[in-house]
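So you can see what is in the structure, the chains are spelled out below.
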Amino acid sequence: MKKLGNFLWCVLGGFLFAALYYIIGFVFCVTLVGIPFGKQYFKLAKLVFKPFGKVVVYERKRPLLNVLFNILGGVIFGLIYGVLGVVLCVTLIGIPFGKQCFQLAKLSFKPFGRIVA
């Protein structure tokens, strides 16, 4: 079931979001200061590419880095995934995809100190 969910997710737009996250991550990694933020975008891209069967483990808190990440674009992606999750949960078939959107929204707001397992 995970493989089917991941396949449908990629076909219906997950591949585009993952590519966007990889591009943003590469842009941030151009500078030394942006490398930690680029690594977080790579983490998000990995989860966006195959979200089904993955679990986000909360390791430790890094509030200052999470605030800076939100200023640098995390809020936009978090809101997009939150709204998309609500829209998808309206239908019965879209509920699993909506749950994945909520997981991605939560990770988009606070990616530092989280591990995708």
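Residues numbered from 1 in each chain as written. Predicted model: local features only at pLDDT ≥ 70, side-chain atom pairs only at ≥ 80, totals over all residues. Heavy atoms only, no water.

Trainee: Tell me about the overall build of the chain, residues and numbers included.
Mentor: Counting its secondary structure elements, the chain contains four helices and two strands. Starting at the N terminus and walking to the C terminus, you meet the elements of the chain as α-α-β-α-α-β. In terms of overall dimensions, the chain is globule-like: its C-alpha atoms have a radius of gyration of 14 Å, near the 13 Å expected for 117 residues. Each principal axis of the C-alpha atoms in the chain carries an extent, and together these give about 45 × 25 × 25 Å. In the chain, which comprises 117 residues, the proportion classed as buried is 42%. Pairs at least 24 apart in sequence give 73% of the contacts found in the chain among residues at least 6 apart. Working note: accessible area of the chain is about 7100 Å², and carbon and sulfur atoms make up 78% of it. (Helix = DSSP H or I, 4+ residues; strand = E, 2+ residues; numbered from the N terminus. Rg over C-alpha atoms; globule rule 2.2 N^0.38 Å. Buried < 20%, exposed > 50% of the residue type's maximum accessible area, 1.4 Å probe, protein only. Contact = heavy atoms within 4.5 Å. Areas by Shrake-Rupley, 256 points an atom, 1.4 Å probe, with all protein chains shown as cover.)

Trainee: Tell me about the environment of F102, residues and numbers included.
Mentor: On the secondary structure map, F102 appears in helix α4 (residues 95–109). Looking at F102, the relative accessible area reads 36%, which means it is partly exposed. Measuring from C-alpha to C-alpha, the distance between F102 and V116 comes to 15 Å, with 14 residues separating the pair along the chain. The residues contacting F102, other than those within four sequence positions of it, are G82, G85, V86 and C89.

Trainee: Before we move on, can you summarise helix α1 (residues 2–28) with the specific residues and values?
Mentor: In an α-helix, one turn spans 3.6 residues, which is why side chains three or four residues apart end up on the same side. Given a rise of 1.5 Å per residue, 27 residues ought to cover 39 Å, yet the end C-alpha atoms of α1 are separated by just 31 Å, more than 12% below that figure. When the local axis directions of α1 are compared, the greatest deviation, roughly 70°, occurs at G13. All of the buried residues in α1 are G5, N6, W9, C10, G13, G14, A18, Y21, I24, G25 and F28. Those residues of α1 hidden inside the fold are in contact with α2 (35–49), α3 (63–88) and α4. (Expected span 1.5 Å × (residues − 1). Bend = angle between axes of the 7 residues up to and from the residue.)

Trainee: How would you sum up the nonpolar core? Please name residues and give values.
Mentor: Judged by nonpolar contacts, the single largest core of 23 residues is most densely connected at W9, Y21, Y41, V48 and Y81. When contributions to this core are tallied by element, the ones reaching two or more residues are α1, α2, α3 and α4. Here this core takes six residues from α2, the largest share from any one element. Residues within four places of Y81 in sequence aside, it is in contact with F17, Y21, V48, C101, L104, A105 and S108. (Core = buried A, V, L, I, M, F, W, Y, C linked by side-chain atoms within 4.5 Å.)

Trainee: Got a sec to walk through the packing of aromatic side chains? Specific residues and values, please.
Mentor: Counted according to the given criterion, the structure contains 15 aromatic pairs. Between F28 and Y41, the aromatic rings sit 5.5 Å apart at their centres with planes inclined by 10°, giving stacked as the arrangement. Taken as a pair, F28 in helix α1 and Y41 in helix α2 lie far apart in primary sequence, 13 residues in all. The same class applies to F28 as to Y41, namely buried. Seen from their ring centres, F69 and F112 are 6.2 Å apart, and the 80° between their planes marks the pair as edge-to-face. Taken together, the residues span a long stretch of sequence, with F69 in helix α3 and F112 in the loop between α4 and β2 (114–116) at a distance of 43 residues. Across the pair, F112 and F69 agree in class, each one buried. Members of the aromatic cluster, each reached through a chain of ring pairs, are Y21, F28, F37, Y41, F69, F77 and F112. (Phe/Tyr/Trp six-rings, centres within 6.5 Å; stacked < 30°, edge-to-face > 60°.)

Read these as layout, nothing more, since geometry by itself doesn't imply function.
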